[in-house]
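Here are the chains, one letter per residue:
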Amino acid sequence: MTVRVEVVERILRANDALAAEVRGLLDQAGITAINLIGSPGSGKTSLLERTAALLHPRIRLGVIEGDIATTRDAERVARCGIPAVQIETRLVGNACHLDASMVQAALGRLPLADVQVLFIENVGNLVCPAAYDVGEHLRVVVASVPEGDDKVYKYPSTFAWADAVVLNKVDLVPVTEFSLETFTAGLREVTAAPLFAISARTGEGLAGWIAWIEAQQAGHVRDAARSVTATGHDSAVVSDKETG
Amino acid sequence: MHEVAIAQALLTEVTAAASRHGLKNVSAVGICVGHNSGVAAEALMQAFEILREGCAGGAVLDLRTTEGADLRMEWLEGE
């Protein structure tokens, strides 16, 4: 006899559970993890190179690079003197996004004791990565001027989840039809997250971005310390990360 | 374009839930997919049709959409 049973469960339950584990591990290691999401060519790796030059080793960085193929990005970042590991998703089904299990495996290849802020550069894609919690504490979306000022209108949910948004290549504004006003108006319809208008090429606008990372890192360490004091032991910090 | 991965995750959840409820054959799976979930419902249906196996080998998806970011399994039908 056919029966119907209620089985309400998030489809990505297994990934979310693993992501929570990853976050616990990072909390214990005192690492603040930032998931960097953006289109191919938006300048995610260039942003990391600039960030490394300005912040490392005052705050020690580490990077997990996600791409379909090649270790080029990890090599670029490693040349800045920061530990970097590459996930090539062509080896795991050509995935168009990183998931928590890939990040968990990559963590084993990083010197975690030497890292304070971990950037997880997702596969270049503005749709698929947004669905996957990879164990990060913060999500940053990188957009760039040549992509157009209507980007947020086209991908509202990706931007809505961002803790901060970086608009790269602002040095190109004079040679395009891009309106910063239009971009900002679109962004404000979905989120109040801070917007950093920068150029990874010229270096303009980076001070605010760097200060934001420093503040987030200090805040995370403070929250972790408070949580340890409150519970009286150094168990994994319970993250307040919204998992949906 | 990540619908295959989502369909695989769904199949895993369906199989586990069917086993918990003692269903040997699942004929239908109710799912909820939000407009803001980043998942294309049609691609998810096709991917599931290709991947379905085991106790869910004959299962069809009964899809309900919402305006939000929902992405969940809601019910199973079977025997």
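Refer to the structure above for everything that follows.
Turning our attention to the packing of helix 1 (residues 13-28) of chain A against helix 4 (residues 100-107) of chain A. Helix packing for two helices is described by the angle between their axes and how far apart those axes are. All names here are of chain A. The interhelical angle for the contact between helix 1 and helix 4, taken along N-to-C directions, is 30°, at an axis separation of 8 Å. With respect to helix 4, the axis of helix 1 lies roughly parallel. Note on packing geometry: the crossing formed by helix 1 with helix 4 is left-handed. Of the residues in helix 4, those touching helix 1 at N15, L18, A19, E21, V22, L25 and L26 are A100, S101, V103, Q104 and L107. Looking at the contact of helix 1 with helix 4 residue by residue, the classes come out as eight nonpolar, three polar and one charged.

Attention now goes to the environment of A:L36. Residues and elements named next belong to chain A. Note that L36 resides in strand 2 (residues 32-38). As a C-alpha pair, L36 and P156 span 120 residues in sequence and 16 Å in three-dimensional space. Excluding anything up to four places from it in sequence, L36 contacts K44, L47, L48, F119, I120, E121, N122, V140 and V142.

As a further point, take the sheet that holds strand 1 (residues 3-10) of chain A. Taken in spatial order, the four strands line up as 1(A)-3(B)-1(B)-2(B) in an open sheet, and their pairing is mixed. Each having just a single partner strand, strand 1 of chain A together with strand 2 (60-66) of chain B make up the two edges of the open sheet. Taken over all neighbouring pairs, the strand axes of this sheet differ in orientation by 20° on average, direction set aside. Bridge count for strand 1 of chain A against strand 3 (residues 71-78) of chain B is six bridges, and the pairing is antiparallel. Its bridge partner being in strand 3 of chain B, A:V3 is matched across the sheet by B:G78. Together, strand 1 of chain A together with strand 1 (26-34), strand 2 and strand 3 of chain B form the strand contacts of helix 1 (residues 3-20) of chain B, whose direction differs from that of strand 3 of chain B by roughly 45°.

This paragraph deals with the sheet that holds strand 6 (residues 138-144) of chain A. Two orientations exist for strands paired in a sheet by backbone hydrogen bonds: parallel and antiparallel. Residue and element names in this part refer to chain A. Across the sheet, seven strands lie side by side as 4-3-5-2-6-7-8; this open sheet has parallel pairing. Lying at the two open borders of the sheet, with one neighbouring strand each, are strand 4 (84-88) and strand 8 (195-197). Along the sheet, successive strands turn relative to each other by an average axial angle of 20°, direction set aside. Pairing of strand 3 (residues 61-67) with strand 4, which is carried by five bridges, proceeds in the parallel orientation. Across the sheet, the residue bridging to E65 is Q86, located in strand 4. On top of the sheet, helix 2 (residues 44-55) reaches strand 2, strand 3, strand 5 (117-121), strand 6 and strand 7 (164-168); it is set at about 170° to strand 3, its chief contact. Each of strand 3, strand 4 and strand 5 is contacted by helix 4, which is oriented at about 145° to strand 4, the strand it contacts most.

It is worth spelling out unusual backbone geometry at this point. Residue and element names in this part refer to chain A. Geometrically, the link from H56 to P57 is a cis peptide bond, its omega value of 5° lying close to zero. Summarising the element assignment, P57 is placed in the loop between helix 2 and strand 3. One non-glycine residue, T70, lies in the positive phi region at around 80°. Locating T70 in the fold gives a position in the loop between strand 3 and helix 3 (72-78). Of note, the phi angle at K169 is positive, near 65°, even though the residue is not glycine.

If you look at the biggest cluster of nonpolar residues, it comprises 30 residues, and the most contacted ones within it are B:L10, B:V26, B:V29 and B:L76. Per-element accounting of this core gives the leading share, eight residues, to helix 1 of chain B. Setting aside residues up to four positions removed in sequence, B:L76 forms contacts with A:V3, A:R4, A:V5, A:V7, B:V14, B:A17, B:A18, B:L23, B:V26, B:A28 and B:V29. Grouped together as the second largest cluster of nonpolar side chains are 26 residues, A:I34, A:L36, A:L55 and A:V77 included.

Another point: helix 7 (residues 180-190) of chain A. Residue and element names in this part refer to chain A. Those residues of helix 7 lying buried are F183, G186 and L187. Along the axis of helix 7, the buried residues cluster in a sector spanning 100°; they form a single face. Along helix 7, the residues that are exposed and aim more than 90 degrees away from the buried face are E181 and E189. Among the structural elements, strand 6, helix 5 (151-154), helix 6 (156-160), strand 7 and strand 8 are those in contact with the buried residues of helix 7.

Rules of the game
- Residues numbered from 1 in each chain as written.
- Chains lettered and ligands numbered in written order.
- Predicted model: local features only at pLDDT ≥ 70, side-chain atom pairs only at ≥ 80, totals over all residues.
- Heavy atoms only, no water.
- Axes fitted to C-alpha atoms, helices over the stretch in contact; angles between N-to-C directions.
- Helix = DSSP H or I, 4+ residues; strand = E, 2+ residues; numbered from the N terminus.
- Parallel < 35°, antiparallel > 145°, perpendicular 65-115°, else oblique.
- Left-handed = near helix turned anticlockwise from the far one by under 90°.
- Contact = heavy atoms within 4.5 Å.
- Nonpolar A, V, L, I, M, F, W, Y, C, P; charged D, E, K, R; others polar.
- Pairing = 2+ DSSP bridges.
- Core = buried A, V, L, I, M, F, W, Y, C linked by side-chain atoms within 4.5 Å.
- Buried < 20%, exposed > 50% of the residue type's maximum accessible area, 1.4 Å probe, protein only.
- Arc of directions from axis to C-beta.

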